[in-house]
Number of protein chains: 2
Amino acid sequence: MSRPRLILNAFTMNVVSHVYHGLWRHPENTQLHLNDLETWIELARIAEEGKFDALFFADVVGIDPAYNGSWDTYIREGLQIPCNDPAALCAALISVTENLGLTFTSSILSEHPFSFARKVSTMDQLSKGRIGWNIVTSVSHNAAQNYGLDEIVAHDRRYEWAEEYMDVVYKLWEGSWDEGAVLADREAGVYADKDKIHRIYHQGESYRVMGPHLVAPSRQRTPVLYQAGASGRGREFAAKHAEGTFVVFPSIDGARRGIAEQRAIAVRNGRRADDLKFIQGMSFVIGSTEEEAQRKAAEIDEWVSYEGLAAHISRDMGIDLAQFDPEMPIEQTDVVGVQGFARVFEDANPGKKARVADVAGALSYNLRMVGTPESIADRLEQWQDAGVDGLNIIAQHLPGSYRDFVEHVIPVLQERGLAQREYAPGTLRERLFPGSGGRLAERHPAAQYRGAFQAEDVLSASGTGAAWR
Amino acid sequence: MSRPRLILNAFTMNVVSHVYHGLWRHPENTQLHLNDLETWIELARIAEEGKFDALFFADVVGIDPAYNGSWDTYIREGLQIPCNDPAALCAALISVTENLGLTFTSSILSEHPFSFARKVSTMDQLSKGRIGWNIVTSVSHNAAQNYGLDEIVAHDRRYEWAEEYMDVVYKLWEGSWDEGAVLADREAGVYADKDKIHRIYHQGESYRVMGPHLVAPSRQRTPVLYQAGASGRGREFAAKHAEGTFVVFPSIDGARRGIAEQRAIAVRNGRRADDLKFIQGMSFVIGSTEEEAQRKAAEIDEWVSYEGLAAHISRDMGIDLAQFDPEMPIEQTDVVGVQGFARVFEDANPGKKARVADVAGALSYNLRMVGTPESIADRLEQWQDAGVDGLNIIAQHLPGSYRDFVEHVIPVLQERGLAQREYAPGTLRERLFPGSGGRLAERHPAAQYRGAFQAEDVLSASGTGAAWR
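Residues numbered from 1 in each chain as written. Chains lettered and ligands numbered in written order. Predicted model: local features only at pLDDT ≥ 70, side-chain atom pairs only at ≥ 80, totals over all residues. Heavy atoms only, no water.

For the record, the criterion: UniProt positions are given in the numbering used here, feature names are shortened, and annotations may be inferred rather than shown by experiment.
For chain A, an unreviewed UniProt entry supplies the name FMN-dependent oxidoreductase (Nitrilotriacetate monooxygenase family) and the organism Microbacterium trichothecenolyticum. According to UniProt, the comment filed for chain A under the heading Sequence similarities (unreviewed entry) is "Belongs to the NtaA/SnaA/DszA monooxygenase family."

Here it is as C-alpha cells:
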C-alpha cells in the first residue's frame, strides 16, 4: 500500500526553554547556548540530513506575568525569555543550508507590512524559495505594550487587522511586480520594465502603503503560509489563508473530527480540501525496545520542571494555575479549555481523574510518543489515516531529540514511504504541494492581486513626489 | 614614522546599480545577480581576505520620480530599485564570515524600535559582536508614503523623532538587562536573575514601549553607530550619537575644515574628539603604471550612464537635472549645494567651468583615485593627515573593484602600517576603538541608561497584565 509521505518540521524556538521546561538543565541540551550560531547550524544539519522539510520557529514578542501573578518563573527558567528574533536566525541559516525550509513566526504587531514583505522577499530570494511564515496576532498584554498599546487588542479586532495585513503583503508580493517585469538585459541596458511595476496605493483601517514593493519577485513570491488559529475566528482565518496549520489535537479521534471540519471551512472559502496541510505537534522518545524507551522517558522526566509546565500553560490559557494544588482534580477547578486533554488523560489512565498537574503537562506528555521506531511508525500511520499531513516535532533536548529521530525513526518511515529519501527539486512550496509550480493556487485569496494594478500613473508635476489617489 | 591604520569598509548596496550607474551592464559585474547569495559571499570573502573592517550597506525604503519627473530611469537602470533588505542579507552573511563587521543602514521610518533593537541584538549575539548600524531618517516622499504618511516628514521633526528612537533603543540595549543578569546556572536551575531585568516604561511623542528587551545583552549591546548627516541638525545628531560618520568631502582641504568643525561639536557634546571616526567615500582604479590606470579608468567610463548619474544626483539634491542641458555651466543654473564639487572640478581642470554633467558625475569622479598602488597610498596619507580615519570604498564593478584593491593596494598599505595585517581579537567596536572593551564609552549618551531602571515593580493583581506607570 502506498502512502503519501509525512511533512516533517523541527518545531523549535530561539529560546532557552520552549516546551519541555526544566530540560535546559540537561547536560547534553545545547539550547542553553541559544546565542551561539553553532547550536542552530548543528540542528539545521541534522534536519537536512533527515530530509526534514523545514525548521519551524515559534515566537513571542512579550511575556505576561501569568503564573503566580509574576514573571519570576519565566525568567528563572528561561521560559521563552530571552526570546531572540527568529527571522534573523533563519536569515543566518540560509547560507549554511541547501534544501531545508526556514519557517518563522511573525506577529502583525511587530513589523510594518511594507518592511515585513521586503524582508521576506529578500530572504526568499537568497534562499531560492525556502521561506515560510507562521502568521500570529500576539496574545499577550506585554506584546501589545511593547508596541504602544495599553493591553491586548480584542480578539475579533485582531483578526480584522490581520486581514488587512494580509491584504497589504499580498498586494506587494503578488501584484506590485508583474511576471516578466525583470528583463536584466545587459545588451539593451534595460534592467526592468517600468510598465510592469506598480504602486499598490493601499489605504485601509490600519495601513496606508503606496509601494511599489522594493524587491523583485522571488521564487515563491508569497512565502509558505502557516497559521495556528484554534478559535472560531482563527480557524476561519486559517481556512482562508493558510497552507499549513499547526495543530495539537489531543487524540486521533479529535484530529479526525477537527481536520474534517476545518477542511470543510476551506472548501466553503473556495479552496480545495487538500490546499490546507495539518501539521500535528509531537515529541518522541525512542528505544530499541519498548522498555528501553520507557526507561529513557523516565530519565527525561526527572529533568522536567512542573512549575515551568504550569507557567507555560497558565500563560496560554490565561488562567493562573499557581492558585491550585497540583493534585486537585480538574473538575473541581474553574479551568476551562482543557477538557480534551483531560479526557485523553482519563482514557489513558482508567480510573484516574485528571488533576491540575496533568493539565500542566498536557502539551508535553499528551503529545509524546514513547516506543520503538516500528511502534512509532505504526502509530503515525494511524494519525495519518485521521487526516494529519505532517509533524511539528518538538525537542525534549536539543539536538539529541532530533538526532534520535533522524537516526532511528526516519529509516523506518522511509522504508514505508512515510518519509522522503531525497529532497525533490524546487521551492519549499513545491515540496509541500507537488505540481503546484511553487506559487499559490489561483483559488487562494492572494491571487486576486495578480495583474490587478495599472501601469503607473503619471506622477506629480513637481518631479519629486507622487500623490495619493 | 608610525601612522594609525585606516578603517576600511566595502561600501555597497543590495541593488543592481549603486553609484557607478551603467556599470551593471559590464560583463564581469556580478551586481546584476543581487538576489544570489553567492554574489555577496564572494564579496565578503574578498573583504575578509583583505582584512577589511566591515561591509557597509546603504539603503533606501522608497524611490521618488526625481529625474525627468518620472521613475523610468531608476527602473530601467536598476538604480536602487529593486533594493533588497540589507539587514536580512547581513544576517545571512554572519554564518559565512568570521571577523568581518556587518554594518547596514536602517531608517527610523521602517521599523519599530522595539523590533529593531531585538533584531540587532540577535544579530550581534549570533555574530559575536560584529554588527554596525547606519542611522538614517529617510529623505524621500515615497519612503514616507510606504509607511502611511503623505510626504516626507519635515527635517527638524525627523531629527526629533530620531532622538526618541535612539532613546528607546538605548534603554533596551543598555538599560533593560543589567550586567550579570544571565546566570545560566544549570545546577541551581536559574537561567536569569529577575532583579536584574527591567521594563523600560518608555513613553514619548512617537513611541510607548514597556519592555523588557527580549534579548540578553550581546557583546556590544549597542551596535557600532554610524550616521552621515550633512545638514546642521544632522551634524549635531552625528556628533552626539555616532561613532563613525560617512563623509564625502570633495577635497582634502574641505575634509580638514569639516572634520575639525565636527570634532569640535562632539567635544561640546561631552565626547572626545576621537570618539568620532570619519570615513570618506572613495573609489579606485589601479594600474601597475599611471598610464595603465588611466587606460583602465577610460575603459570603465565607457560603461557609465550619464542619465543614471544625473538621476541619482537629482534624487539626492531634490533638483531635477533633466531640465538642464548637460553642457550648461553650473553657474547659469539654480542648482545649489554642489559648489564644493564644482570648485574641485575647476581646480582640477584649470580654465574650465563646471557643467551640469560634471555635477552629475561628482559622486563618482571626484571621489575616485586613479593610479598605482604607491601613488594611491601617497594620496591616502594626505587624506589621513587631514583627519580622515578610514574609507568607505565604492565599487565600480563587483567584486572586481574590491579584488583589485585587496590584491594591489592592501599590501602597500600594510607595508606602511596603513592597513591591518590580521584582525585584532574582539568585537567590531574593539577593532575600531582599541582599548574600549567593546562597549560604548561612559561619556556616550547611551550610557545614561546603564543601571537606570529599578527592580521590577509588583505587577497587577490580575496576574495577566502589567500597567503603565
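### Details of helix α7 (residues 232–241) of chain B
Two residues of an α-helix separated by three or four positions point the same way, owing to the 3.6 residues in each turn. Cut-off, in case you're wondering: A 1.4 Å probe rolled over the protein chains alone gives each residue an accessible area, and that area as a share of the maximum for its type sets the label: buried under 20%, exposed over 50%, partly exposed in between. Helix and strand definitions follow DSSP, with helices as H or I runs of at least four residues and strands as E runs of at least two, each counted in order from the N terminus. Residues are treated as being in contact if the distance between any of their heavy atoms lies within 4.5 Å.
The complete set of buried residues in α7 of chain B reads Gly 234, Phe 237, Ala 238, Ala 239 and His 241 of chain B. Buried residues in α7 of chain B make contact with β4 (131–136), α6 (155–175), β9 (224–227), β10 (244–247) and α8 (252–268) of chain B.

### Topic: the pattern of salt bridges
Residue and element names in this part refer to chain B. Counted only if it meets this: Whenever Lys or Arg places a side-chain nitrogen within 4 Å of a carboxyl oxygen from Asp or Glu, that contact is recorded as a salt bridge.
Going through the model one piece at a time under the given rule, you end up with 68 salt bridges over all chains. The salt bridge involving Lys 119 is made with Glu 111; its shortest N-O contact spans 2.9 Å. A residue is classified by how much of its surface remains accessible, and Lys 119, at 8% relative accessible area, is buried. Put simply, Lys 194 and Asp 195 hold a salt bridge, and the shortest N to O gap is 3.2 Å.

### Here's the deal with the packing of helix α1 (residues 37–49) of chain B against helix α3 (residues 86–94) of chain B
Residues and elements named next belong to chain B. The test is simple: Axis lines are fitted through C-alpha atoms, for helices just across the contact stretch, and the angle between N-to-C directions can take any value from 0 to 180 degrees. Helix crossings are classified by the rotation of the near helix relative to the far one: an anticlockwise turn of less than a right angle makes the crossing left-handed, while a clockwise turn makes it right-handed.
It is at 11 Å that the axes of α1 and α3 come closest, and there the two elements cross at 65 degrees. Considering how the two elements wind past one another, α1 and α3 form a crossing that is right-handed. Two secondary-structure elements touch here, α1 through Leu 37, Trp 40 and Ile 41 and α3 through Leu 89, Ala 92 and Leu 93.

### Topic: the UniProt feature "domain: Luciferase-like" (unreviewed entry) in chain A
Under the feature "domain: Luciferase-like" (unreviewed entry), the UniProt entry names residues 29–389 of chain A. Summarising residues 29–389 of chain A: 42% helix, 14% strand, and an end-to-end C-alpha distance of 29 Å.

### Points about the pairing of strand β2 (residues 54–58) of chain B
All names here are of chain B. Keep this limit in mind: Strands are labelled as partners when DSSP assigns at least two bridges between them.
Taken across its 5 residues, β2 has 5 buried, putting it largely inside the fold. Judged by which residues are buried, β2 turns out to be covered on both faces: Ala 54, Phe 56 and Ala 58 on one side and Leu 55 and Phe 57 on the other are all buried. Both strand β1 (residues 7–13) and β2 contribute to a ladder of 5 bridges, which runs parallel. Residue Thr 12 lies in a different strand from β2, and its bridge partner there is Phe 57.

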